[in-house]
Amino acid sequence: MPNVLVFAETRAAGLRKVALEAVTAARAFVDSAGGGEVHALVAGPAGAASHAATLGKYGADVVLTCEHAGFARYAREATAATLAERAKKGYRAVFVPFSANGRDLAARVAARLDAPLASDVTSIAAAGDAITVKHPGYANKVIIELTIAGPLAVISIRPSAFTPAEKPKSPRGESVAPAADPGAERVVVKDVVEGAKGKLDLGEAPVIVAGGRGLKAAEHFKLVEDLAAAFGNAAVGATRAVTDDGWRPHSDQIGQTGRQVSPQLYVAIGISGAIQHLAGMRTSRTIVAINKDPEAPIFKVADYGIVGDAFEIVPALTAAILEARKGH
Amino acid sequence: MKIAVCIKRTPDSESRFKVAAGGSGIDEAGLKFDIDDFASYAVEAALQINEKQGPGETIVIAVGPDAIQETLRKAMSMGVDRAVHLKAEAAPFDGIAIAKALAAELKSGGFDLILFGKHAFDTGAGIVGTATAELLGLPCITAASKLEIAGGKGTARREIEGAGEMVEFSLPAVVTVDEGIARPRYPSLKGIMAAKKKPMEIKPAQLGPLRVTVKAMELPAERPPGRIIGQGAAAVPQLVKLLQNEAKVL
Amino acid sequence: MVNAENVVFLVVLLAAAGFFSLNVRRLVRYMQIGHAEPRWDRPFARAWNVLRVGIAQAKIMREPVAGAMHATIFWGFMVLTAGTAEFLLAGVFPSFSFAQFLPRPIYALYETSQDAFAVFVLGAIAFAYFRRLVLHPKRLDGDNISHADAYLILGMIAALMVTLLLSAALLEVARPGRVGEPHFASRVIATALSAVPASVAWLAHRILWWTHALLVLAFLNYLPYSKHLHVVTSLINVYFSNTSRKGEGAAMRSMNLEADVEQFGASDVEHLSWKNLLDGYSCTECGRCTAACPANITGKLLSPRKIVVNARQRLMQKGPLVTNDRLEFLRPKLARADAFAASRTPAQVLEHRLLDHYITDEELWACTSCRACVTECPVSIDQLDVINEMRRFLVLTESRFPPEVQPAFESLEKNGSPWAFSSSDRAKWADGMNVPLMADLAARGERPDVLFWVGCMGSFDDRAKKTTVAFARILQSCGIRFAILGQEEHCHGDPARRLGNEYLYQMLAKGTIETLDRYGVLTIVTSCPHCFHQMGNEFPQLGGRYEVIHHSTYIERLLQEGRVPLSSDEGKRLTVAYHDSCYLGRYNDVYDAPRETLRRALPVMTLVEPARTKDRGLCCGAGGGRMFMEERTGKRINAERVEELLATGADTIAVACPFCMTMMNDGAKARDSSVSVVDIAEVVAGRLA
């Protein structure tokens, strides 16, 4: 009957979707192993305990709250110390989201515990004494199945791999003291610069919306920008033809002589798909193409294509995305 | 400054992969290997820091089989001063084990800064750098997209899903670098020639027991050929559904 | 009878000759700063070039009016040199004359020629002044060249002609009958001056005689200080030049990378060869190279003339210091227009170098290696050689190149193609076409008659793939036993070589040669002129010898032999402008095969020629590795060319190169033109029965 300790990641006092995914994964794991408890640990400023109800809705049996003003932002060393300390208390596994901070946390905790760590997994299963996980490696080109040996495993979970599922429990609450002072971090957070100010870099944006000649004029690029904004985590790219004509700065150019990108989702609007452009984006995980010309080469590399007038399709898509993303 | 960079040898990211006979590894026939992309950003960042800060030393370290020596030479052809090869039959998938081997080597090195790539192309795990820092008891900045070092202190920016976290720290420290930190220089023929004569130490890697091992590898389902799902704005709802449920990117 | 005047003249003559030889020696010593290079091969071909390009002024005549003007002055110069020799000898030995050993009629002809050419040259000089001052051709400006030098030279030549004729005329007035009748011009002038008293005429004659003599000697000694040095060096330069060669002779300089050297390529004059430096002496600053340069025409910094002039200027700066030239007052001031001229200390001069301080990397990267400059140069200078050597230095020694080139280098190294496409996609174009692979044939112990080398563009670029398919269909329709390498094909490294990365190039080329030799390949046909030139003409440097044919030549042969099953209907009445590929044309002299191919395949079409065509054709802009670079300044080269092609009224632009195809397509799209751009193979394939 394994118990799993889950790190419930928060941001700006709110529970993140990845936290619920991790709890769901833990719940599924312990249930498949014939029972056990899911303990969710939340580290946050005063009021963090209020997340207990939500965590319980998704299957947490116990919600451990570590409240300290210093956890208002990611206090990496104190969080790792606290999570690692707790993990010593009879758990089979520690689940952490493989988010930007989560991956940092998981590695710290595993090192502290001298426990094996498997990252970015998409499925978890018990296999006798061991745990097996699957992880898409080689830039999602090869699915690797790993066996984790040992009494305690640290596992970080790929965001969006598990869909939060409600499995309501009435969780017991427990207060946990920080195992190290969050005010004594050696990595000091000076500032967190929110999205709009810090324009997403093409190289790290999970979604890229790019426009080409098919948009006809510079002012129509607003359609591309609106769609990018609707995604919330998208950067705007352009083809060489467009940057050459000065509609967009050269730094936005995606292609052979511009940026080579590999986002999760690439939306190509009014782009024909010349070899030089494809060289810059064809390794994107999912490619959507919107173009008037059904013979355009871009449709050969796109996973999903819509033939038609971008000026009609893109606004409709923008509205649909905004709708779909409500509550992320 | 004395800077160590830990690198990995990985296959070219553009390759098409096949699973090897036996099913627990990839078929390496015909694959081209090189310094992992993120590790090469780390090498470049180290070289630039020492170029800016005045004379210093850069050392490159890697865990793996003999083939990795070519990769270490490549780093030296970019300008790194010397290399350490921690010999192991293969670079394991157990990130904590690699971290232990590296920490053992780095412990007594007196490094001001230790750099890693934020993750490697093959494992995509992002474990080794941060875990090594933890084992060495050093402050660690994971996935820095910007890095400035001056007067024994550092500032960095981490991308945290739609926002940037600006941090400060003191040296010695460990930083794992993200794209955007530096563009790796192209080695000149002069550099390639010089690298052949630079020193390389070879020692066994102290990995310890491997607790994360590959059980099997398989290729994902064939990416279905691109399909045009519809015409005009009417196709939009179908597209959103597919993005949510099939592609799982929403 | 030798008298005091003769002795004085002898002294003056010896002094002038002595001074001149000191300068010659100095210039030769500077030239020897460059590295050694054997050019003693093919003496007959070289001599023939001197006759054709030099004596017959073949290249100068490419511009008919200026050409005729210069040829007159040049031939006049040669003819009058004989007279000058006689003149100077007579100054020492008063009774000396060629008449002493030439038969009378020959000597009479010789005398007529002197006067005739003196008049012609005067006329040409007058036109030259008019041209420079009034017509003011654009190419005579720019690159900081000096007009003063030109005017001075023209003036001196004019003065020489005038003093020659006047001196003889006044001699005739003072001593009637002394000047032979064949000297018709002098005698006419003498008649006009017959009123001058004999004693005055005699004095004037002596003064003009001495003036002429001193002018000759002054002119001779001014040469090392002027661009007119080409008078001495140009025929020699043409002899030692390789620029008239096509095919294998137009290959880039081979390079030994095993050499244990501190630098590769050229950053300063001592890294260039003696021939490059001789080129510098021979440059007349005419500017024809720059006027033909596609980069310069569209507003880039590059000027081939400037490359040559800068190399010479730098040599004049550094030469004296390196050769420990202590005769400062002799130091030629060819660097007069040089920004670094007077004000630098020797230490500063040595600290600087040709690269960066004279020639910038921006200029070097702007070159498309189209060879127009080399084709135009009347004295056979190789501007491209210097550009290539300096690119090699930038890449191999300093790793300095436009940032967008790095992904191309890295992809070539890892992927065997300048673009990040998986090599396993190489033969996808052949799906469903039943095209045999070399490996499959070899496994059956068979060998094809010809290897069809597809190339990276033809394998990966969507538009170029259509050309590949078209050509394959043509081959199949003719029953040709061919095969492709498929996934075993990888780039031969030509783009790397053009960009100066000789190391990467040799790695890729050797790999390709190994594969070809493993299959025992003898004959290769390819639809890309860059592949064609590289494998046919440059592979021999690395030991790869194959018969390589471009698809235009191959298809033309098939058409000629009647082997292509063409449709019996007329076909479309297209108006086609064929755009010459630089690597087919200027590098390999292939102009007619593509045109003939079009004519034979589509007899009803009308072929129109753009203003700049065949060996004057304007480059599409993609050569010299520029396909992989951004074009950041001036007008786009492909736009310039497309405009020119559209001005012919053609509805179709035909090309025989995938790079040209891309450039013409982009250019046409940018102008929203509906002109269709097709490869000649597509035209022929479209006519298959």
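A few words on the overall build of chain C. The helix and strand tally for chain C stands at 29 helices and eight strands. With the principal axes as the frame, chain C shows a C-alpha extent of 100 × 60 × 50 Å. For chain C, the residues scored as buried account for 48% of the 689 residues in total. Considering only intrachain contacts with a sequence separation of at least 6, the fraction spanning at least 24 residues in chain C is 80%.

This part takes up the overall build of chain A. Each helix and strand in chain A was counted, giving nine helices and 18 strands. Its C-alpha atoms put chain A at 65 × 45 × 35 Å along the principal axes. Pairs at least 24 residues apart make up 65% of the contacts formed inside chain A by residues separated by at least 6 positions.

Further remarks concern helix 4 (residues 128–136) of chain B. In an α-helix there are 3.6 residues to a turn, and that puts residues three or four apart on one side. Within helix 4 of chain B, eight of the nine residues are buried, which leaves the element mostly enclosed by the surrounding structure. For helix 4 of chain B, the set of buried residues is Val128, Gly129, Thr130, Ala131, Thr132, Ala133, Glu134 and Leu136 of chain B. In this structure, the buried side of helix 4 of chain B is in contact with helix 4 (100–113) of chain A together with helix 3 (95–106), strand 6 (113–117), strand 7 (140–150) and strand 10 (173–177) of chain B. Looking one or two residues beyond helix 4 of chain B, the residue adopting positive phi is Gly137 of chain B, at roughly 70°.

Our next topic: unusual backbone geometry. The omega torsion of the bond from Leu171 of chain B to Pro172 of chain B falls at 0°, within 30 degrees of zero and hence cis. With respect to the helices and strands, Pro172 of chain B occurs in the loop between strand 9 (163–170) and strand 10. At Lys248 of chain B, a position not held by glycine, the phi torsion is positive, near 55°. Positive phi outside glycine occurs at Asp356 of chain C, with the angle close to 80°. Summarising the element assignment, Asp356 of chain C is placed in helix 14 (residues 354–357). By the C-beta count within 10 Å, which is 13 here, Asp356 of chain C ends up partly exposed.

Contacts between chain B and chain C engage 12 residues on the former and 13 residues on the latter. Classifying every residue of the side of chain B that touches chain C by side-chain character gives three nonpolar, two polar and seven charged.

What the domain assignment reports for chain C is domain 1 (43–240), domain 2 (261–403), domain 3 (411–560) and domain 4 (575–685). Between domain 1 of chain C and domain 4 of chain C, the C-alpha centre-to-centre distance is 46 Å.

Moving on, we come to the interface of chain A and chain B. Each partner contributes residues to the interface: chain A has 72 residues there, and chain B has 69 residues. No other element matches the nine residues that helix 4 of chain A contributes to the side of chain A that touches chain B. When its residues are assigned to classes, the side of chain A that touches chain B shows 36 nonpolar, 18 polar and 18 charged. As paired strands, strand 13 (residues 188–194) of chain A and strand 9 of chain B are joined by six bridges and run antiparallel to one another. Looking across to strand 9 of chain B, one finds that Val193 of chain A is bridged to Gly164 of chain B.

On the basis of which strands lie adjacent, the open sheet formed by six strands has the order 15(A)-14(A)-16(A)-17(A)-18(A)-13(B) and parallel pairing. Single-partner strands in this sheet number two, and they are strand 15 (234–238) of chain A together with strand 13 (227–231) of chain B. Each adjacent strand pair in this sheet contributes to an overall mean axis angle of 20°, direction not counted. In this sheet, strand 17 (residues 286–291) of chain A lies alongside strand 16 (residues 265–269) of chain A in parallel orientation, the contact comprising five bridges. Within strand 17 of chain A, the position partnered with Ile269 of chain A by the bridge is Ile290 of chain A. Sheet strands in contact with helix 6 (residues 236–246) of chain B are strand 17 and strand 18 (304–307) of chain A together with strand 13 of chain B, and its direction is about 145° off that of strand 13 of chain B.

Turning to the packing of helix 5 (residues 221–231) of chain A against helix 9 (residues 310–324) of chain A, a few remarks are in order. Helix-helix packing is characterised by the crossing angle of the two axes and by the distance between the axes. All names here are of chain A. Interhelical geometry of helix 5 versus helix 9 gives an angle of 15° and a closest axis separation of 8 Å. Looking at the two axes, helix 5 sits roughly parallel to helix 9. Remark: the crossing between helix 5 and helix 9 carries left-handed chirality. In this structure, helix 5 contributes Leu223, Asp226, Leu227, Ala230 and Phe231 to the contact, and helix 9 contributes Ala310, Val314, Pro315, Leu317, Thr318, Ile321 and Leu322.

Of all hydrophobic cores here, the largest spans 205 residues; its most connected members are Ile208, Val209, Ala210, Leu227, Ala268 and Ile269 of chain A together with Met664 of chain C. Take this core: its biggest share by element is eight residues, from helix 17 (residues 383–397) of chain C.

Pairing is mixed across the open sheet formed by 10 strands, whose spatial order is 13(A)-9(B)-8(B)-7(B)-10(B)-6(B)-1(B)-4(B)-5(B)-11(B). The open sheet is flanked by strand 13 of chain A together with strand 11 (200–204) of chain B, the only strands paired with a single partner. Averaged over all adjacent pairs, the angle separating strand axes in this sheet is 30°, with direction ignored. In the sheet, strand 1 (residues 2–7) of chain B pairs with strand 6 of chain B via four bridges, with the strands oriented parallel. Its bridge partner lying in strand 6 of chain B, Val5 of chain B is registered against Leu115 of chain B.

Looking now at the environment of Phe421 of chain C. Considering the arrangement of structural elements, one finds Phe421 of chain C in the loop between helix 18 (406–415) and helix 19 (438–443). Expressed as a C-alpha distance, the spacing of Phe421 of chain C and Asp461 of chain C, which sit 40 residues apart in the sequence, is 9.9 Å. Those residues in contact with Phe421 of chain C that sit more than four places away from it in its chain are Ala279 of chain A together with Phe460 of chain C.

We now examine the pairing of strand 9 (residues 130–137) of chain A. All names here are of chain A. Both strand 8 (residues 123–127) and strand 9 contribute to a ladder of five bridges, which runs antiparallel. Across the sheet, the residue bridging to Ser123 is Lys134, located in strand 9. What sits between strand 8 and strand 9 in their antiparallel hairpin is a turn of two residues, with Gly128 showing a positive phi close to 65°. As defined by bridge partners, strand 9 adjoins strand 10 (residues 142–148) across seven bridges and the pair is classed as antiparallel. Directly across from His135, in strand 10, lies its bridge partner Ile144. Linking two consecutive strands that pair antiparallel, namely strand 9 and strand 10, is a turn of four residues; a positive phi of about 50° is found at Tyr138 within it.

A few words now on helix 17 of chain C. All names here are of chain C. The end-to-end C-alpha distance of helix 17, which contains 15 residues, comes to 21 Å, matching closely the 21 Å that a straight helix rising 1.5 Å per residue would cover. Counting buried positions along helix 17 gives 15 out of 15 residues, so the element sits mostly inside the fold. Count one or two residues on from helix 17 and you reach Ser399, which has phi positive near 50°.

Residue and element names in this part refer to chain C. For the pair helix 27 (residues 637–646) and helix 28 (residues 658–670), interaxial distance at closest approach is 8 Å and the crossing angle is 75°. With respect to their mutual orientation, helix 27 and helix 28 come out roughly perpendicular. Across the interface between the two elements, Asn638, Ala639, Arg641 and Val642 from helix 27 touch Met663, Met664, Asp666, Gly667, Ala668 and Ala670 from helix 28. Looking at side-chain class alone, the contact of helix 27 with helix 28 contains six nonpolar, two polar and two charged residues.

Relative to the assigned elements, Val288 of chain A resides in strand 17. With 25 C-beta atoms counted inside 10 Å, the residue Val288 of chain A sits in the buried group. Separated by 65 residues in the primary sequence, Val288 of chain A and Leu223 of chain A place their C-alpha atoms 15 Å from one another. If sequence neighbours within four positions are ignored, Val288 of chain A has contacts with Val267, Ala268, Ala302, Asp303 and Tyr304 of chain A together with Leu239 of chain B.

All names here are of chain C. Assignment of secondary structure puts Ala464 in helix 21 (residues 462–477). The class for Ala464 is buried, based on 25 C-beta atoms found within 10 Å. Each C-alpha atom, one on Ala464 and one on Leu272, is 38 Å from the other, the two residues being 192 residues apart in sequence. If near-sequence neighbours (up to four positions away) are discounted, Ala464 is found in contact with Met457, Gly458, Pro658 and Met661.

Rules used throughout
Residues numbered from 1 in each chain as written. Chains lettered and ligands numbered in written order. Predicted model: local features only at pLDDT ≥ 70, side-chain atom pairs only at ≥ 80, totals over all residues. Helix = DSSP H or I, 4+ residues; strand = E, 2+ residues; numbered from the N terminus. Buried ≥ 20, exposed ≤ 12 C-beta atoms within 10 Å, placed from the backbone. Contact = placed C-beta atoms within 7 Å. Nonpolar A, V, L, I, M, F, W, Y, C, P; charged D, E, K, R; others polar. Domains from an automatic or database assignment. Pairing = 2+ DSSP bridges. Axes fitted to C-alpha atoms, helices over the stretch in contact; angles between N-to-C directions. Parallel < 35°, antiparallel > 145°, perpendicular 65-115°, else oblique. Left-handed = near helix turned anticlockwise from the far one by under 90°. Core = buried A, V, L, I, M, F, W, Y, C linked by C-beta atoms within 7 Å. Expected span 1.5 Å × (residues − 1).

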